[in-house]
Protein chains: 2
Amino acid sequence: MKLDSRKLQILQAIINDYIITAEPVGSRTVARKYELGISSATIRNEMSDLEEMGFLEQPHTSAGRVPSDKAYRLYVDRLMQVKSLGEQEADYIKEFYEHKILQLEQIIFTTAKVLSDITNYTSIAIAPQLSRVTIGHIQLVPVDREFALLVIVTSSGILKDTLIQIPQGINGDFLNKVSGILTEHFQNKTFSEIDMVDLSAIKREFLENQKFFNSLVDVLTDSFRRSQKQEVYLGGTTNIFNFPEYQDILRARSFLNLLEEKDLLYQILASPQDEGVKVSIGTENLQEELRDCSIVTATYSLGNRVLGTIGVIGPTRMEYSRAVSVMDYMGKALSRYLTQLYGA
Amino acid sequence: MKLDSRKLQILQAIINDYIITAEPVGSRTVARKYELGISSATIRNEMSDLEEMGFLEQPHTSAGRVPSDKAYRLYVDRLMQVKSLGEQEADYIKEFYEHKILQLEQIIFTTAKVLSDITNYTSIAIAPQLSRVTIGHIQLVPVDREFALLVIVTSSGILKDTLIQIPQGINGDFLNKVSGILTEHFQNKTFSEIDMVDLSAIKREFLENQKFFNSLVDVLTDSFRRSQKQEVYLGGTTNIFNFPEYQDILRARSFLNLLEEKDLLYQILASPQDEGVKVSIGTENLQEELRDCSIVTATYSLGNRVLGTIGVIGPTRMEYSRAVSVMDYMGKALSRYLTQLYGA
DNA sequence: TGTTAGCACTCTCTTATAATGAGTGCTAAA
DNA sequence: TTTAGCACTCATTATAAGAGAGTGCTAACA
């Protein structure tokens, strides 16, 4: 069977209607609301065809039709018109990036908040994936006689810090010296390359403090390992209650449980992906828990290096055109802001 | 009317039953399940009295009775027996504090998780309130030619770091010198005392870099101001769905919305309070949003200085005795751990 | 005088049944 | 090929009837 232009028109009408109403769409509704110049009976026939082709589904015999994931995919790829963001909304976003926030985590967190505010969906964002970033500088900062702070500064200004215990009788100058040694050996390595650093070479420089050296290496490795597991930021978690499909307490609960599984969310966002906006619809998601959600994600970059991903998550009946335009704008705005802050 | 021992017995039976079943308790149930040696008719009379005295409420004429907030208060103050924590649970908690976590935020976060795990309520925790803590050390760590990291280390090992822009042509040695100057002037001040620092005295030491000095002061003040607004950590946010009183989507929603209001939660936890466990029941809470919840909080300390608060929040029909014993144990365990880590 | 059995009454919750209405698929005519 | 007409399906809503839990009151009892 061929998907002629009339079928497409009808499909589009049904999708549009369903996105707005969340109610199964009947032939009469299509005939009345979307004046296609054909009768409901004709539409009925076409709808029957569309169902056979897998674009529509019927909750039960005497209900209207609901778009399938396949239909949404077609819609996203061919049918929808992505309008660029309205001026008001663009201004709203810009405003947030004008209060020079300098802490990266704060930036990402704010981005998530803004996203959920303007889309009314739940938003997710991950901080830069350090594996793609190089180490710039390592510095031990004395805290008191017993502790020092190990600060790792990366090429994109992102840092991790850990408190470590230092042996007695070590002074600030010595810590500076150690910092120098570590920096020298780790500088310009990416986080995934650190295994290649020749530890024995560093070891030789720690003449008498072998024990301290060992604990330092432990902390460093641990810090590197832990840094792989990045923080996930959420915005508008309770927005899900706005959607009629989540009035059911069980569904709402399982959605919110999903949001608590930070590891899973991280996996979803961190999966290697090309630059730009990506839409993942319902069953297209690999994760069982997401089979009736859609996710629209966008990457953000520093210069031309992709650093991380932001996204919104909602029911498959999502306002894709709007979501895509917001995500597109937001990804670019964030990249621009980061590049401006930290340089390319 | 007098609250004689029989009335207390009946009230206790009703509260116990209601805490378990969440169903209004009838006179027959009390007579059958709690063998008090009196008939349901007598109990009925007593219940009628208890209602008149404000300890019981009736959802509707032909339903059983439900304890009022006043009854819970009486229960908490006089009736309930707080058993000390079971060995298993105590071990479970101890285990978490055995993996030497050194980052304070991580500790508090983990504490919240453990709390919600073992109580099945939603838990809240706030990180130490810095206003009660003194500044130990200020250090500028170079990041690249353009940026440096300003690290503030406090007496309890807690730190705040901010990225700041540095003027061109400034090297590491100079940053070290600046760090020294700042440390010298701010050391041993509490965060609320920083206004008393004589800025002009420092200014004199920055001979040629007045502009840098100004931006430094800006960042410092900002950082101090921001540090007043502490992070709130949550655990088990979806636990609320376990309770029949939150099967209603509207109630669940408003509860979850409450949890998103970090400022409000902070306010609740940060309100000055004595050391130890505190129970706040339903309408006793000042916040409108909490009028049908109860909160059990405990403080944690470093040495003998109260640093912050942890708590669990649930329906007024809460297992107070258990909640109190868990919170008591947890607050002490956390204090002990912190003291061990950072000294008194 | 306090306690208890008995009973009518109230009110919610459950279940059964009927009515409504949106929507479909099929048929036959245009 | 399109469309009007109509019988049929099925979820949803409305209505009614019971069932059940619990109370308050009364009167008898120790």
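Refer to the structure presented above.
An account of the accompanying structure is given in this report.

What counts and how
- Residues numbered from 1 in each chain as written.
- Chains lettered and ligands numbered in written order.
- Predicted model: local features only at pLDDT ≥ 70, side-chain atom pairs only at ≥ 80, totals over all residues.
- Heavy atoms only, no water.
- Near = heavy atom within 4 Å.
- Polar contact = N/O pair within 3.5 Å; in protein donor to acceptor, adjacent residues only side chain to side chain.
- Helix = DSSP H or I, 4+ residues; strand = E, 2+ residues; numbered from the N terminus.
- Patch = residues over 30% accessible without salt bridge, like charges linked within 9 Å, V, L, I, M, F, W, Y side chains within 5 Å.
- Areas by Shrake-Rupley, 256 points an atom, 1.4 Å probe, with all protein chains shown as cover.
- Salt bridge = Lys/Arg side-chain N within 4 Å of Asp/Glu carboxyl O.
- Lys, Arg positive; Asp, Glu negative; His and termini not counted.
- Charge placed at Lys NZ, Arg CZ, Asp CG, Glu CD.
- Buried < 20%, exposed > 50% of the residue type's maximum accessible area, 1.4 Å probe, protein only.
- Expected span 1.5 Å × (residues − 1).
- Contact = heavy atoms within 4.5 Å.
- Pairing = 2+ DSSP bridges.
- Axes fitted to C-alpha atoms, helices over the stretch in contact; angles between N-to-C directions.
- Parallel < 35°, antiparallel > 145°, perpendicular 65-115°, else oblique.
- Nonpolar A, V, L, I, M, F, W, Y, C, P; charged D, E, K, R; others polar.

### Regarding the protein's contact with DNA strand D
Piece 1. Every one of the 21 residues lining DNA strand D counts as a neighbour, but A:R6, A:T42, A:T61, A:S62 and B:S27 are closest to it.
Piece 2. Near the protein, meaning within 4 Å, the atoms of DNA strand D are sugar or phosphate in a fraction of 78%, with bases accounting for the rest.
Piece 3. Take B:S62: an N or O atom from its main chain is 3.3 Å from a sugar or linking oxygen of DNA strand D.
Piece 4. Only α3 (40–52) of chain A together with α2 (27–33) and α3 (40–52) of chain B provide two or more residues apiece to the surface near DNA strand D.

### Examining a positive patch on the surface
Piece 1. A grouping of A:K113, A:K262, B:K113 and B:K262 is seen on the molecular surface, where their side chains present a positively charged patch.
Piece 2. The topology assignment puts A:K262 in helix α11 (residues 262–270).

### Regarding a negative patch on the surface
Piece 1. A contiguous patch of negative charge on the surface is contributed by A:E105, A:E231, B:E105 and B:E231.
Piece 2. Assignment of secondary structure puts B:E105 in helix α6 (residues 104–119).
Piece 3. Take B:E105: its relative accessible area is 46%, and that puts it in the partly exposed class.

### Details of unusual backbone geometry
Piece 1. Here A:A22, not a glycine, exhibits a phi torsion of approximately 65 degrees, which is positive.
Piece 2. In this structure, A:A22 sits in the loop between α1 (5–21) and α2 (27–33).
Piece 3. A relative accessible area of 15% means that A:A22 is categorised as buried.
Piece 4. Although it is not a glycine, B:N188 sits at a positive phi angle of roughly 70 degrees.
Piece 5. Here B:N188 lies in the loop between α7 (172–186) and α8 (199–205).

### What about helix α10 (residues 249–260) of chain B?
Piece 1. Taking 1.5 Å of rise per residue, the twelve residues of α10(B) would be expected to cover 16 Å, and the 16 Å separating its terminal C-alpha atoms lies within 8% of that figure.
Piece 2. Turning to α10(B), its buried residues number three or more, namely B:I249, B:A252, B:F255, B:L256, B:L258 and B:L259.
Piece 3. On its buried face, α10(B) sits against α10 (249–260) of chain A together with β3 (122–126), β7 (232–235), α11 (262–270), β9 (293–302) and β10 (305–315) of chain B.

### Observations regarding the environment of A:N242
Piece 1. As for its placement among the helices and strands, A:N242 is situated in the loop between β7 (232–235) and α10.
Piece 2. For A:N242, a relative accessible area of 38% puts it in the partly exposed group.
Piece 3. Ignoring anything within four residues of it in the chain, the contact list for A:N242 reads A:N120 and B:R253.
Piece 4. Within the local environment of A:N242, its side chain forms a polar contact with the side chain of B:R253, the two groups lying 2.6 Å apart.

### Remarks on the sheet that holds strand β3 (residues 122–126) of chain A
Residues and elements named next belong to chain A.
Piece 1. The sheet built from five strands is open, its strands ordered β7-β3-β10-β9-β8 with antiparallel pairing. Unpaired on one side and paired on the other, β7 and β8 (277–281) mark the two borders of the sheet. Averaged over all pairs of adjacent strands, the angle between their axes in this sheet comes to 20 degrees, without regard to strand direction.
Piece 2. Pairing of strand β9 (residues 293–302) with strand β10 (residues 305–315) involves ten bridges; the strand directions are antiparallel. Of the residues in β10, the one forming a bridge with S294 is G314.

### Examining the packing of helix α1 (residues 5–21) of chain B against α3(B)
Residues and elements named next belong to chain B.
Piece 1. Running from N to C, α1 and α3 point in directions that differ by 90 degrees, and their axes come no closer than 10 Å. When the interaxial angle is binned, α1 and α3 end up roughly perpendicular. The residues of α3 that touch α1, namely those facing R6, K7, I10, L11 and I14, are T42, I43, E46, M47, D49 and L50.

### Here we look at the protein's contact with DNA strand C
Piece 1. Taken together, 21 residues lie around DNA strand C, and A:S27, B:R6, B:T42, B:T61 and B:S62 are the ones closest in.
Piece 2. The separation between a phosphate oxygen of DNA strand C and a polar side-chain atom of A:R65 is 2.9 Å.
Piece 3. Contact distances for DNA strand C include 3.0 Å between a base oxygen and a side-chain N or O atom of B:S62.
Piece 4. Listed by contribution, the elements that provide at least two residues to the surface near DNA strand C are α2 and α3 of chain A together with α3 of chain B.
Piece 5. Top contributing element to the surface near DNA strand C by residue count: α3(B), with four residues.
Piece 6. Per-class residue counts for the surface near DNA strand C are four nonpolar, 13 polar and four charged.

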